[in-house]
Every structure is written in C-alpha cells, then in structure tokens.
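Structure assessment
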Amino acid sequence: MHFNITDSHEAELRERVLDIVDETPVDDIHTHLYDPAFGPLLLWGIDDLLTYHYLVAESFRYFDLPYADFWKFDKTTQANLIWDALFLQHSPVSEACRGVITTLHALGLEAKHRDLPAIRKWFAEQSIDGHIQKCIELAGIKSICMTNSPFDDLERQVWHKGFDREPWFTSALRIDPLILDWPRTARRMNEWGYPTGEELSIGAFDAVKKFLADWAERMDAKYVMVSLPPDFEFPANNESAELLDQAVLPFCRDAGLPLAVMPGVVRQVNPQLLLAGDGVERTNLTFLKNLCAAFPQNKFAATVLARENQHELCVLARKFRNLHIFGCWWFTNTPSIIEEMTRERTELVGLSYTPQHSDARVLDQIIYKWQHSRTVIGDVLADKYVDLLRVGWECSEEEIQRDVEGLFGGDFARFCRASF
Ligand code: FIX
Ligand code: ZN
C-alpha cells in the first residue's frame, strides 16, 4: 500500500489514540464484585468464570439434561459440563466464551491445551490478594464500584460487623426491593428499627429517608441504584412512584447523590435458568423524561437494556443535563453493539457520558470485559479524531488524554459532584 503524508499522519494519530485508550486507567462504575472482606461473596477463578450466568444460558442450548438436574451438581461438575459443551464440543466464539479465553490468555495460561484440571490447579495456587492485584493491573482499572444491597442478608452482616476497606473498592447503594417490593420490604425495615408501617405515610417516607441516609453513610455510597422493568411508569398512582417521589428522590437531592436507573430487564423470563433466566424488553422511556423534567435538581444516571432504546436515550441526554448515560449493559455488552452505541453516543453527546462498565460478577472478568471494550472504544474514538484531522482540527496528545480520562470515569465524577 502506498502511504502519502496524510495517510501516515492519520495512522500515527490512530496509533496514539489506541495507545491512550489502552493505557488510561478506568473507574469501573458498575460491577457485582466485592471487597475481599466479604469473603466468599467475591467470586474468582476458573469455576466461577465457567459458571457465569451468561455461559449457563448458552450451555443450556446444547444440554439435554433437565434444568433441575444441572442445579443439583456442585460447582466443579457444572463447570465441567459447561466447558465440555461450549469449549470442547463447539468453538468458544460467543462474547462470553471468548471472554474466558481472553482472560486465561492474559493471565498466562495456555487454554489452547484444553486442559481444565491444569487450569484449576493454577488458580488453586493463587492467593486472593495477589490475584486481585494482577486482575486490576491487567484490566487497567483504578476503581471498582460494588453493587451493595442492604437487603442482602449475607452482605448486611459484613457491613454491620465493619471492615477495613481496600482502597480501590467503592460502593453503590442498590435499592431494588424498596422500589419494587414495598410491603415485604416495609416489614423487614420495621424489624430493623425503621418504623415504616405498611401504609405509605409521612412517617414511612421519613423512615425510608433515614434508612437510606444510614446505609449510604455506612457504605460511603457514590450513588443509589435500581433496576426497573420495561413498563415502569412515573408519575403513577402506585407505591413505587410514591416512594421515589417522597423518599428516594428527596434523599438523593439532600445527599447530592445520583440515582442510577437500569430499565429494560424482565426478571425470570425462564425461572428454570435461575440467575440466567432474566430477559429484555424495550422500555417506555417516558418515565425517565418525566423524572428528569420534574426533578431538575436530582441527578439521574441511566443504562438501558434494549438496543432499540439507545438512540432515544441519547436524545434524552441532550435535553437534560441532569441525565448521565453509561455502559453497555448485559445483552448490549457485545462488540458489535458496543461499537454502535459508542458511535451513536459520541455523535450525539460528545464526551459527556461513560461508555462502559464491566458488570463483572467474577473478578477475573474485568480483564476481558475491559480489553474487549477498549478495543472497540479505541477504534471509534480514533475514527472521530481522524475525521477532525481531515477537516483541519488537530488534537494534541494532552487533549486526547483529557478526553479519554473523562470517558473512563472523569465525566461521571464531574456529574456526581455537580449541583444543578
Ligand atoms: O441488575 C443488574 O445489575 C444486572 O447487571 C445483573 O443482575 C445481571 O444478572 C448481570 O449480571 C448482568 O450483567
Ligand atoms: Zn449489574
């Protein structure tokens, strides 16, 4: 191929952008990982990688055993079955399968020998502290935001006991049961000393606000979050909407915390798959428009599950500065959709969003989730800087670095600090 000056200039710029994207540490703003103080809640290693619910769903397409029989097996046997179905009987080309291979490769393991016992042996020899360090370095991460639920019995005990926090784990306060399952949650909160009663009243709202304030403080939460069904409505004449209006949003406003909403998930489309059984439907985003418009002093972050909602979400973010869009969530976390969403978002809101979070449930997954996403994000950004170069706007290395730092956590931090 014949290069002229412009070609080589563009190639250099492209290289520079890819290097910066590769080397800039990222704040992973939504994961299901835990500080090691939570002991067994922090999943890691080959058996947890293989039994990830994304792979469980894919394996069942090949398995011919009854669902219930699979769940009776111990984790090692489940992992063996998944390895056999997805890695030995077929090539591991799906995004979640490729992720396991990327991860093992980055850790220096020769997955190509297809020797699962040898891989298990290697993991058994690692110490958790050293392994965390290694995963964080390979993923290029500077902080990991946990999803912390006061409604989770195992987690709650650890918070009550107290622990010394590792510096790179931050926290988000997850409140799904409060918004989506009020009567049961009210009973539990009463037991824990927050006098909610079951009827919504000023007293109940005060108790909820106090509960949120106590837990946000205990966790040092960076934001509050909830996942929502696709038909969620606001305003509405129901408990969910009233709780948002009268307790959650006033609390978030007072505390200056964003409320992150994750709409589009249909829980338990196939309950036989347990955690792997949730699905997606297109969301009616009118509720989010109404929230952003009615509460200009509240900050909302949003990631939406259906691909079909992404363009509308970008347009909403153009209309409301109190809305920060983030991540390619779950079924949208595949290279083709990340690429489409990252282009669309960049073209519509510039650099004022967060392109990705890992949603990792197993520590080692941060390696592949970030390696795969960086490749796509890097390509999209390189195209954008090259487009500018072609019309005479050259960006310095410092400017590109600044922009990437914004996308990799800086802009979300700015949003969290903002008061409107
Ligand atoms: O609700 C959520 O935060 C989801 O991300 C998870 O519950 C889901 O199971 C998941 O792991 C998606 O990546
Ligand atoms: Zn999640």
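So, here's what we can say about the structure. Model, not experiment: these values are computed from the prediction. Position numbers for residues count from 1 along each chain, tracking the sequence in the order it is written. Here chains are named by letter from A upward and ligands by number from 1 upward, in the order in which they appear as written. Since the coordinates come from a predicted model, pLDDT governs what is reported: local features require at least 70, and pairs of side-chain atoms require 80 or more to be given and counted, while whole-chain, interface and lining totals use all residues. Values shown for side chains rest on all heavy atoms present in the structure; no hydrogens or waters enter the calculation.

**A short note on the overall build of the protein chain**
Per the convention used, a helix needs a DSSP run of H or I reaching at least four residues, while a strand needs a run of E reaching at least two, with both numbered from the N terminus. If you tally the helices and strands in the protein chain, you get 18 helices and 9 strands. Over its C-alpha trace the protein chain gives a radius of gyration of 22 Å, about what one expects of a compact globule, namely 22 Å for 420 residues. The dimensions of the protein chain, computed from C-alpha atoms along their principal axes, are 75 × 55 × 40 Å. Contact definition: two residues touch when any of their heavy atoms are within 4.5 Å. Taking contacts inside the protein chain between residues at least 6 apart in sequence as the whole, the part at least 24 apart equals 76%. We compute the radius of gyration from the C-alpha atoms alone; for a globule the expected value is 2.2 Å times N to the 0.38, where N is the number of residues.

**Observations regarding the site of ligand 1**
Here, proximity means that at least one heavy atom of the residue falls within 4 Å of the molecule or strand. Every residue lining ligand 1 is accounted for by His30, His32, His53, Tyr54, Arg174, Arg267, Trp329, Trp330, Asp359 and Arg361. Between arginine 174 and ligand 1, the recorded distance is 2.7 Å, taken from a side-chain N or O atom to an oxygen atom. Taking aspartate 359, its side chain carries an N or O atom lying 2.9 Å from an oxygen atom of ligand 1. Every accessible area reported is derived by Shrake-Rupley at a probe size of 1.4 Å, with residue values counting cover from the shown protein chains alone. With the chains in place, 97% of the 330 Å² that ligand 1 exposes on its own is no longer accessible. Any pair of nitrogen or oxygen atoms within 3.5 Å is treated as a polar contact; in protein, a donor-acceptor pairing is required on top of that, and neighbouring residues in sequence qualify only through side-chain atoms on both sides.

**So, the packing of helix H3 (residues 53–60) against helix H6 (residues 95–106)**
To get an axis, a line is fitted to the C-alpha atoms, and for a helix only the part in contact is used. The angle between two axes follows their N-to-C directions and goes from 0 to 180 degrees. It is the contact of H3 with H6, at a shortest axis distance of 9 Å, that shows an interaxial angle of 125°. Classified by the angle between their axes, H3 and H6 sit oblique to one another. When you trace H3 past H6, the crossing you get is left-handed. Side by side, H3 and H6 meet where Tyr54, Leu55 and Glu58 of the first sit next to Ala96, Cys97 and Val100 of the second. Throughout this entry, Asp, Glu, Lys and Arg are counted as charged residues, while Ala, Val, Leu, Ile, Met, Phe, Trp, Tyr, Cys and Pro are counted as nonpolar. The remaining residues, Gly among them, count as polar. Grouping the amino acids of the contact of H3 with H6 by side-chain chemistry returns 5 nonpolar, no polar and 1 charged. In these notes the angle categories are as follows: under 35 degrees is roughly parallel, over 145 is roughly antiparallel, 65 to 115 is roughly perpendicular, and the rest is oblique. Definitions for this section: a left-handed crossing has its near helix turned counterclockwise from the far helix by less than a right angle. A right-handed crossing has that turn clockwise.

**Description of the coordination of the zinc ion (ligand 2)**
Looking at the zinc ion (ligand 2), the protein donor atoms are His30 (NE2), His32 (NE2) and Asp359 (OD), and they sit 2.0 to 2.2 Å from it. Within one chain, the residues serving as donors to the zinc ion (ligand 2) are arranged as H-x1-H-x326-D. Of the two residues, histidine 32 sits in the loop between strand S1 (26–28) and helix H2 (46–50) while aspartate 359 sits in the loop between helix H16 (335–349) and helix H17 (365–390), which places them 327 residues apart along the sequence. Buried means the residue's accessible area, taken with a 1.4 Å probe over protein chains only, is under 20% of the maximum for its type, while exposed means over 50%, and partly exposed covers the values in between. Given a relative accessible area of 17%, histidine 32 falls into the buried group. Coordination partners: N, O, S within 2.8 Å of the metal, 3.2 Å for Na, K and Ca; water not considered, so apparent gaps in a site are possible.

**A look at the pairing of strand S3 (residues 169–174)**
Buried residues dominate S3, accounting for 6 of its 6 residues. Burial of S3 is two-sided: the residues Phe169, Ser171 and Leu173 facing one way and the residues Thr170, Ala172 and Arg174 facing the other way are all buried. Only strands that DSSP links by at least two bridges are regarded as paired with each other. With 5 bridges connecting them, strand S2 (residues 141–148) and S3 associate as parallel partners. Among the inter-strand pairings, methionine 146 is bridged to a residue of S3, identified as serine 171.

**Some remarks on the state of the cysteines**
By definition, disulfides here are pairs of cysteine sulfur atoms that lie within 2.5 Å. According to the stated counting rule, one finds 0 disulfides in the structure shown. Left unpaired, cysteine 135 is separated from the closest cysteine sulfur, that of cysteine 145, by 18 Å. For cysteine 292, which is in no disulfide, the shortest distance to another cysteine sulfur is to cysteine 252 and amounts to 13 Å.

**Overview of the layout of surface pockets**
Buriedness for pockets is judged along seven lines, at least five of which must meet protein on both sides within 12 Å for an open set on the 1 Å grid over protein atoms alone, while cavities are sets there where a 1.4 Å probe fits but cannot get out, and lining residues have an atom within 4 Å of a point. Grid points are joined across faces, edges and corners, and a volume is the space filled by probe spheres set on the points. If you add up the space inside the largest pocket, you get close to 950 Å³. Around the largest pocket, the lining comprises 35 residues; the ones closest to its centre are His32, His53, Arg267, Leu275 and Arg361. Secondary-structure elements contributing two or more residues to the lining of the largest pocket are H3, helix H5 (75–88), helix H9 (153–161) and helix H10 (176–180). Across the lining of the largest pocket, the residue classes break down as 18 nonpolar, 7 polar and 10 charged. Of the voids in this model, the second largest pocket is the one considered here, and its volume is about 300 Å³. Considering the residues around the second largest pocket, the lining is formed by 18 residues, among which Tyr54, Ala57, Glu58, Trp330 and Phe331 are closest to the centre. For the lining of the second largest pocket, the elements supplying multiple residues, two or more each, are H3, H6 and H17. Residue composition of the lining of the second largest pocket, grouped by class: 8 nonpolar, 6 polar and 4 charged.

**Notes on the side chain of asparagine 333**
Mapped onto the elements, asparagine 333 comes out in the loop between strand S9 (323–325) and H16. Owing to a relative accessible area of 9%, asparagine 333 belongs among the buried residues under this scheme. At 3.1 Å, the side chain of asparagine 333 forms a polar contact with the side chain of glutamine 356.

**Re the sheet that holds S1**
Within the open sheet, the 7 strands sit side by side as S1-S2-S3-S4-S5-S8-S9. Their pairing is parallel. Both edges of this open sheet fall to S1 and S9, since each of them pairs with a single strand only. Here the average twist between neighbouring strands, direction ignored, is 25°. Two elements, S1 and S2, share 3 bridges in a ladder whose sense is parallel. Bridge assignment links valine 26 to a residue of S2, and that residue is isoleucine 141. In the packing of helix H13 (residues 239–255) onto the sheet, the strands contacted are strand S4 (221–228), strand S5 (259–263) and strand S8 (300–302), and the crossing angle to S5 comes to about 130°.

**Regarding the nonpolar core**
Counting residues in each nonpolar core, the largest one holds 134 residues, and the members touching the most others are Leu178, Leu259, Leu288, Leu323 and Ile366. When residues of this core are assigned to their parent elements, the largest contribution, 10 residues, is made by H17. Each residue touching leucine 323, except ones within four places of it in the same chain, is listed here: Leu288, Cys292, Phe300, Ala301, Ala302, Leu313, Leu316, Ala317 and Phe415. Membership of the second largest hydrophobic core comes to 5 residues, among which are Cys328, Ile337, Ile338 and Val376. Buried Ala, Val, Leu, Ile, Met, Phe, Trp, Tyr and Cys residues that are joined via side-chain atoms within 4.5 Å together make up what is termed a nonpolar core.

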